[in-house]
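The residues making up each chain are set out below.
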Amino acid sequence: MGHSIFLMFFIIGIIKFMKMFRQQKLILFFLLISFNIFSQNKRARDYGIQIGVLKTGKYNSITDVEGVKVGHTTLIKGDHIRTGVTAILPHSGNIFQLKVPAAIHIGNGFGKLAGYSQVKELGNIETPIILTNTLSVPIASDALISYTLQQEQNQDVYSVNSIVGETNDGWLNDIKGRHIKEQDILEAIKTAKSGFVKEGNVGAGTGTSCFNYKGGIGTSSRIIPENYGGYTVGVLVQSNFGGVLQINGVPIAKIMDNYPKNYKYDVDGSCMIVIMTDAPLGSRNLERLAKRAMMGLAKTGGIASNGSGDYVIAVSTAKNNFIHHKNFELIQKTLELKNEAITPLFLGVIEATEEAIINSLFAAETMIGRENNKRESIPKHEIIEIMKNHNAIITKN
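Below is a summary of the structure that appears in this document. Please read these numbers as outputs of a predicted model, since none were measured by experiment. (Residues numbered from 1 in each chain as written. Predicted model: local features only at pLDDT ≥ 70, side-chain atom pairs only at ≥ 80, totals over all residues. Heavy atoms only, no water.)

## Here's the deal with the overall build of the protein chain
What counts, and what does not: In this text, helices come from DSSP runs of H or I with a minimum length of four residues, and strands from runs of E with a minimum of two, each type numbered from the N-terminal end. Contact between two residues is taken to exist if any of their heavy atoms lie within 4.5 Å; hydrogens are not considered. Surface exposure here means Shrake-Rupley accessible area, sampled with a 1.4 Å probe, where a residue is shielded only by the protein chains that are shown.
When helices and strands are counted, the protein chain shows nine helices and 15 strands. Pairs at least 24 residues apart make up 78% of the contacts formed inside the protein chain by residues separated by at least 6 positions. Element-wise, carbon and sulfur atoms account for 54% of the exposed surface of the protein chain, whose accessible area totals about 18,900 Å².

Okay, here's the thing in structure tokens:
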């Protein structure tokens, strides 16, 4: 509340100042900057929690991979609609005409991800990646078909492999109402942008839960050292799963005595993990990369329970390896990293996945939804004190 009041007076002051000079463009600029600054919740690193050893990208986000864009549509209506859509675009062009190498790994297959079999068979994707709730997969898939068919150069397209991932937000959201509409998906794609990515109760993470706290969207990135290629790997998660929470190796749930005691339904859920990298990888090594994301999930205490749909989608955005739909040559030339060069990327994915999940928890806020169901945000103050007691907080000099 205090931030909101400060922001209000801050903006009013700027407007009054700028009106004196009649510089309307500068007013808009300062408004955008101030909203961007104050709308970002603190992330794990802001509290001194530094996961892993590799450096992060500029935004510590999946959008640190050049060309990648993320868009959200968030639906919070009345006391029962708490859901949304998140779109991830590997590049800004016509993705059907310029397909990208991809792979999908199934950590635990209790889910409804659309588009898996063709990616497994052909090793590429041809649409943006959409994340939403379980019962909105069909409408999201249909929206991707509409989006693709409307693109220039796609007049002769008669087959589209939509990529749609999901988790079940039915605790907070009236999921059976199927409130997501085609326009919501198209809007998320249209508004996708590079730079900062909103986290927490936004887009596909609006109504999700994680470790019995409020979950949501989270993201992180890692930069591989220059002598190993200097590549960037970014991860975005839709966290909606259970287990025994630990943060950077500290057994938070155990210390707080807040973990599932029957190890059954209260650990069920799902986690969608999307990996983007500018490293030149084919589908085989992208699948190897995707498998490592489950290690990052495990490091947070996730257990991929029987009722969990844990899927990892990995994509290479290396421009030299785009797959031209209308290339009729018999030989397709690609450049790929050697197997021996991929290990640093494995580490980057593990670290970025772990941090993305923790960021989703730190960004999420307490939410009340359907039938007055409630999910509390993680108790940040208590957790930070525990982390300090375990010498797991790095203070800035």
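The rest of the description comes next.
## Describing the pairing of strand β5 (residues 129–133)
We count it as follows: Burial here depends on accessible area, computed with a 1.4 Å probe over protein chains only, as a share of the maximum for the residue type. Under 20% is buried, over 50% is exposed, and the range in between is partly exposed. Paired strands, as defined in this entry, are two strands with at least two bridges between them according to DSSP. For the handedness criterion, the strands are oriented away from the viewer, and a crossover whose path from the first strand over the helix to the second runs clockwise is classed as right-handed.
Within β5, five of the five residues are buried, which leaves it mostly tucked inside the rest of the structure. Where strand β2 (residues 81–89) meets β5, three bridges bridge the pair, whose relative direction is antiparallel. The residue of β5 that forms the bridge with T86 is L131. In this region the chain leaves β5, passes through helix α4 (residues 137–150) and returns to the parallel neighbour strand β6 (residues 163–167); the handedness of that crossover is right-handed.

## Remarks on the nonpolar core
In plain terms, the rule: Definition used in this section: a nonpolar core is a set of buried Ala, Val, Leu, Ile, Met, Phe, Trp, Tyr and Cys residues joined via side-chain atoms within 4.5 Å.
Counting 51 residues, the largest nonpolar core has I275 and L345 as the members making the most contacts within it. For this core, the elements supplying multiple residues, two or more each, are β10 (232–240), α6 (252–256), β11 (270–277), α7 (283–299), β12 (309–316), α8 (343–363) and α9 (380–389). Residues within four places of L345 in sequence aside, it is in contact with I224, Y231, V233, T277, A279, L281, L289 and L337. Of all hydrophobic cores here, the second largest spans 26 residues; its members include I62, I88, I104 and V315.

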